[in-house]
There are 2 protein chains.
Amino acid sequence: MSLLVVGSVAFDDITTPLGRAPRVLGGSGTYFALAASFFTAVRVVGVVGEDFSAADEAVFGNRGIDVRGLERAAGKSFFWAGEYEANPNIRHTRKTELNVFEHFAPKLPAEYLDSEYLFLGNIAPALQCQVRDQMGPRVKLVGGDTMNFWITGQPEEVKRFLSRLHVLTINDSEAHLLTGEHNLHRAARAILEQGPGAVVIKRGEHGATLYSHSQYFGVPGYPLEDVVDPTGAGDAFAGGMIGYLARQGAWDDMTLRRAVVYGSVMGSFACEQFGVGRLTELTPTEVEARYQEFVALSRFEA
Amino acid sequence: MSLLVVGSVAFDDITTPLGRAPRVLGGSGTYFALAASFFTAVRVVGVVGEDFSAADEAVFGNRGIDVRGLERAAGKSFFWAGEYEANPNIRHTRKTELNVFEHFAPKLPAEYLDSEYLFLGNIAPALQCQVRDQMGPRVKLVGGDTMNFWITGQPEEVKRFLSRLHVLTINDSEAHLLTGEHNLHRAARAILEQGPGAVVIKRGEHGATLYSHSQYFGVPGYPLEDVVDPTGAGDAFAGGMIGYLARQGAWDDMTLRRAVVYGSVMGSFACEQFGVGRLTELTPTEVEARYQEFVALSRFEA
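In this text the structure is predicted, and so the values were computed from the model without any measurement.

A. Representation of the overall build of chain A. Along chain A, the regular secondary structure elements total 11 helices and 13 strands. Along the longest, intermediate and shortest principal axes, the C-alpha atoms of chain A span 55 × 45 × 35 Å. The burial tally for chain A puts 59% of its 302 residues in the buried class. A fraction of 64% describes how many contacts in chain A between residues 6 or more apart in sequence connect residues 24 or more apart. Accessible area of chain A: about 11,200 Å², with a carbon and sulfur share of 51%. Looking at chain A, you have 27 positive and 36 negative side-chain charges, and the mean spots of the two groups are 4 Å apart.

Right, dumping it as structure tokens:
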């Protein structure tokens, strides 16, 4: 089933202990869409500037991603420069240029309005709600993501956004910030009380945990010895997870668990090369093989 | 089969956000022995002072733990006072009085020499090696633990200790300190190269991971919403793990995985009350029920 994602499409200048990529395609919408495209038909809503080239567009086209909702605006695309420490959880932003993203008002092409799955990527919560409104009742499942910047700066809008979600994906430090709870299990419960039927806490190298009113599930991290570039891993996680749910057309307890594992699969691939490099060359066979690795690494009863 | 543990037996003054226990029985040997006693016959080697009462001894006796190797020395028992922040990974030591522990030289009763399983709890690495020497070739499996204090202060002795172990249990920050590796998978590989056939990295609320030359395995954390007192959780983990191995008399890949899960079971119980409170009132039925909870919370394929 069709999955619509709204998010950023950007260029990044990334430095990690393993090297530097001075200008690569990035953005939450990009990572999400590429990861989700291994599971279902994906449509993107976002904005890019005049520096977005045919080669950049081909990154989406090669994965069959529909970019009719990708607005072209005068000016430059969103640009982010950052550097990661040896501990990849610590990153320093060197530069943020919003550019065309500053006045982004998501517009949905008429052809997108029949999408049954929706992911509200990490943009201003008021815009996330606007997109939700435009989509109407045809949408079966709404997933979303947010970040420290919005949690701190626009708490009321974030609350309204949460009340309209089925599934929230969030990382551990954001979950703490959002709820004031140090204990992540308590944090997840507090978030469930604000609306989402399911919360997934992304714990980086420690794996991920899923919470709903009916279950708790955890999956360990994939044993990645070289984290070449952690940028976008959380977005790729969300793409794998919601993409899988869209493909299955269900979200019962066991399907949600497998979706979290497919999220972990896509998040782990995203870290293996700079930018979206690994996601663009990946094959469905590799995705399935890594899923089976997760089965093997977490099994202890026959 | 008989499991011998050498470690500290102490009194603790513990403050956490949930309260304070001004003087409770503690020490790595105590937590380990209590946890292991749910799986196998346990013998303790350690030293206590004149303040160790009949009631304290009964804590061991009630679990059938053999304390003939617990030396009584003139003076006071090892005493530690500390305080945990809301994030239980951050603790501040307020006082450490070594007392009788300062000149501790482990002596093994003749009746202990037929022990087939040995755990070298967190004491000076030279003493750990001494105990290993005294035990001779009858020992089938040697587990051990260490901590920042020894890793930093006596790196050569720690190296010698590592070379004589079958299984090392260690927490994430210690694994980093021991190897200089931020990536825990690399850290585990580096430790395996120093001798142990298996390394378990305890990740606190994030669960635990097992590494050997033939496998990687991870188990998520138990969803404990109230960490009343994290003291001794790592020792209880080790006790559950090595105790289970001793009971099974095997350490093939799948048995090792289950041992890590039983370790997680015992570590989670340890956090539920101050000191060893929870471990002293626990029943085998509760242990088995929590193991089944781990089966349920980590399963995603039928």
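B. Quick peek at the sheet that holds strand S9 (residues 141-145) of chain A. Residues and elements named next belong to chain A. Ordered by their spatial adjacency, 9 strands build an open sheet running S5-S4-S1-S8-S9-S10-S11-S12-S13, and the pairing between neighbours is mixed. Two strands close off the open sheet at either side, each with one partner strand: strand S5 (66-72) and strand S13 (216-219). Across the sheet, the mean angle from the axis of one strand to that of its neighbour is 15 degrees, orientation sign disregarded. Helix H1 (residues 28-36) rests against strand S1 (3-6), strand S4 (42-48) and strand S8 (117-120) of the sheet, and its axis sits at about 165 degrees to S1.

C. Representation of the sheet that holds strand S3 (residues 19-26) of chain A within the structure. All names here are of chain A. In spatial order, the strands read S3-S2-S6-S7; together these 4 strands make up an open sheet with mixed pairing. Among the strands making up the open sheet, the edge pair consists of S3 and strand S7 (91-97). Across the sheet, the mean angle separating the axes of adjacent strands is 15 degrees when strand polarity is ignored. Across 6 bridges, strand S2 (residues 10-16) lies against S3 in antiparallel orientation. Its bridge partner being in S3, Ala-10 is matched across the sheet by Gly-26.

D. Main features of the layout of surface pockets. If you add up the space inside the second largest pocket, you get close to 200 Å³. Val295(A), Ser298(A), Arg299(A), Phe300(A), Glu301(A), Ala302(A), Val295(B), Ser298(B), Arg299(B), Phe300(B), Glu301(B) and Ala302(B) together form the lining of the second largest pocket. Secondary structure elements with two or more residues in the lining of the second largest pocket: helix H11 (284-298) of chain A together with helix H11 (284-298) of chain B.

E. Region of interest: the packing of helix H8 (residues 233-248) of chain B against helix H9 (residues 253-270) of chain B. All names here are of chain B. Relative to each other, H8 and H9 sit at 140 degrees, their axes nearing to 7 Å. Viewed along their axes, H8 and H9 form a crossing whose handedness is right-handed. In contact with Ala-233, Ala-236, Phe-237, Gly-240, Met-241, Tyr-244, Leu-245, Arg-247 and Gln-248 of H8, H9 contributes Thr-255, Leu-256, Arg-258, Ala-259, Val-260, Tyr-262, Gly-263, Ser-264, Met-266, Gly-267 and Ala-270.

F. Local environment of the relation of the copies chain A and chain B. Superposing chain A onto chain B requires a rotation of 180 degrees together with a translation of 0.0 Å along the rotation axis, leaving an RMSD of 0.0 Å. A rotation of that kind, with that shift, is consistent with a two-fold axis. Interface residue correspondence from chain A to chain B reaches 100%, placing this contact among same-surface, isologous pairings.

G. Examining the packing of helix H3 (residues 125-135) of chain B against helix H5 (residues 155-162) of chain B more closely. All names here are of chain B. Where H3 contacts H5, the axes come no closer than 8 Å and their chain directions differ by 30 degrees. Looking at the two axes, H3 sits roughly parallel to H5. Seen from above, H3 lies across H5 with left-handed handedness. Packed against H3, whose contacting residues are Pro-125, Ala-126, Gln-128 and Cys-129, the element H5 presents Glu-157, Val-158, Arg-160 and Phe-161 at the interface. Its residues assigned to classes, the contact of H3 with H5 comprises 5 nonpolar, 1 polar and 2 charged.

H. Representation of the environment of Ala289(A) in the model. The topology assignment puts Ala289(A) in helix H11. As a C-alpha pair, Ala289(A) and Thr40(A) span 249 residues in sequence and 18 Å in three-dimensional space.

I. Layout of the pairing of strand S5 (residues 66-72) of chain B. Residues and elements named next belong to chain B. Pairing geometry for strand S4 (residues 42-48) and S5, over 5 bridges, is parallel. Pairing of Val-47 across the sheet is with Glu-71, part of S5. Regarding the hand of the β-α-β motif, the stretch spanning S4, helix H2 (residues 54-61) and S5 is right-handed.

J. Main features of the interface of chain A and chain B. Contact with chain A, which involves 38 residues of that partner, is made by 38 residues of chain B. When the two sides are added together, the surface that chain A and chain B hide from each other amounts to roughly 3,400 Å², 50% of it contributed by carbon and sulfur. The largest per-residue losses of area from chain A upon contact with chain B belong to His206(A), Glu225(A) and Phe300(A), which jointly make up 23% of the total buried on that side. Inspection of the region where chain A meets chain B yields 6 salt bridges. With a shortest N-O distance of 3.2 Å, Glu225(B) and Arg189(A) are connected by a salt bridge. For the pair chain A and chain B, the number of links is 28 residue pairs in polar contact (both at pLDDT 80 or more).

K. How the structure looks around H5(B). Listing the buried residues of H5(B) in full gives Val158(B), Phe161(B) and Leu162(B). Axial view of H5(B): buried residues confined to an arc of 95 degrees, hence all on one face.

L. Local environment of the pattern of salt bridges. Going through the model one piece at a time under the given rule, you end up with 37 salt bridges over all chains. For Lys107(B), the salt bridge goes to Glu71(B), with nearest N and O atoms at 3.1 Å. One end of the pair, Lys107(B), is in the loop between strand S7 (91-97) and strand S8 (117-120); the other, Glu71(B), is in strand S5, and 36 residues separate them in sequence. Classification of Glu71(B) as partly exposed rests on a relative accessible area of 29%. We note a salt bridge from Glu116(B) to Lys140(B), for which the minimum N-O separation is 3.4 Å. Of this pair, Glu116(B) sits in the loop between S7 and S8 while Lys140(B) sits in the loop between H3 and strand S9 (141-145); the two residues are 24 residues apart in sequence, bridging distant segments of the chain. By relative accessible area, which is 23% here, Glu116(B) ends up partly exposed. Residue classification places Lys140(B) among the partly exposed positions, given a relative accessible area of 37%. Each of Glu272(A), Arg278(A), Glu281(A), Glu286(A), Arg290(A) and Glu293(A) takes part in salt bridges that share partners, so that together they form one network.

M. View of the packing of aromatic side chains. All names here are of chain B. Throughout the structure, instances matching the rule amount to 28 aromatic pairs over all chains. On the basis of an interplanar angle of 50 degrees and a centroid distance of 6.3 Å, the ring pair of Phe-52 and Phe-60 is categorised as tilted. Each member of the pair, Phe-52 as well as Phe-60, carries the same accessibility label: buried. Relative to Phe-101, the ring of Phe-78 has its centre 5.1 Å away and its plane inclined at 10 degrees; by these criteria the two rings are stacked. Here Phe-78, found in strand S6 (residues 78-84), pairs with Phe-101, found in the loop between S7 and S8; they are 23 residues apart in sequence, far enough to count as distant.

Rules of the game
- Residues numbered from 1 in each chain as written.
- Chains lettered and ligands numbered in written order.
- Predicted model: local features only at pLDDT ≥ 70, side-chain atom pairs only at ≥ 80, totals over all residues.
- Heavy atoms only, no water.
- Helix = DSSP H or I, 4+ residues; strand = E, 2+ residues; numbered from the N terminus.
- Buried < 20%, exposed > 50% of the residue type's maximum accessible area, 1.4 Å probe, protein only.
- Contact = heavy atoms within 4.5 Å.
- Areas by Shrake-Rupley, 256 points an atom, 1.4 Å probe, with all protein chains shown as cover.
- Lys, Arg positive; Asp, Glu negative; His and termini not counted.
- Charge placed at Lys NZ, Arg CZ, Asp CG, Glu CD.
- Pairing = 2+ DSSP bridges.
- Axes fitted to C-alpha atoms, helices over the stretch in contact; angles between N-to-C directions.
- 1 Å grid on protein atoms, 1.4 Å probe; cavity = no way out; pocket = protein on both sides within 12 Å on 5 of 7 lines; lining within 4 Å.
- Points joined across faces, edges and corners; volume = space filled by probe spheres on them.
- Left-handed = near helix turned anticlockwise from the far one by under 90°.
- Least-squares fit on C-alpha atoms with pLDDT ≥ 70 in both.
- Parallel < 35°, antiparallel > 145°, perpendicular 65-115°, else oblique.
- Nonpolar A, V, L, I, M, F, W, Y, C, P; charged D, E, K, R; others polar.
- Right-handed = clockwise from strand over helix to strand, strands pointing away.
- Buried area = accessible area lost by both parts, 1.4 Å probe.
- Salt bridge = Lys/Arg side-chain N within 4 Å of Asp/Glu carboxyl O.
- Polar contact = N/O pair within 3.5 Å; in protein donor to acceptor, adjacent residues only side chain to side chain.
- Arc of directions from axis to C-beta.
- Phe/Tyr/Trp six-rings, centres within 6.5 Å; stacked < 30°, edge-to-face > 60°.

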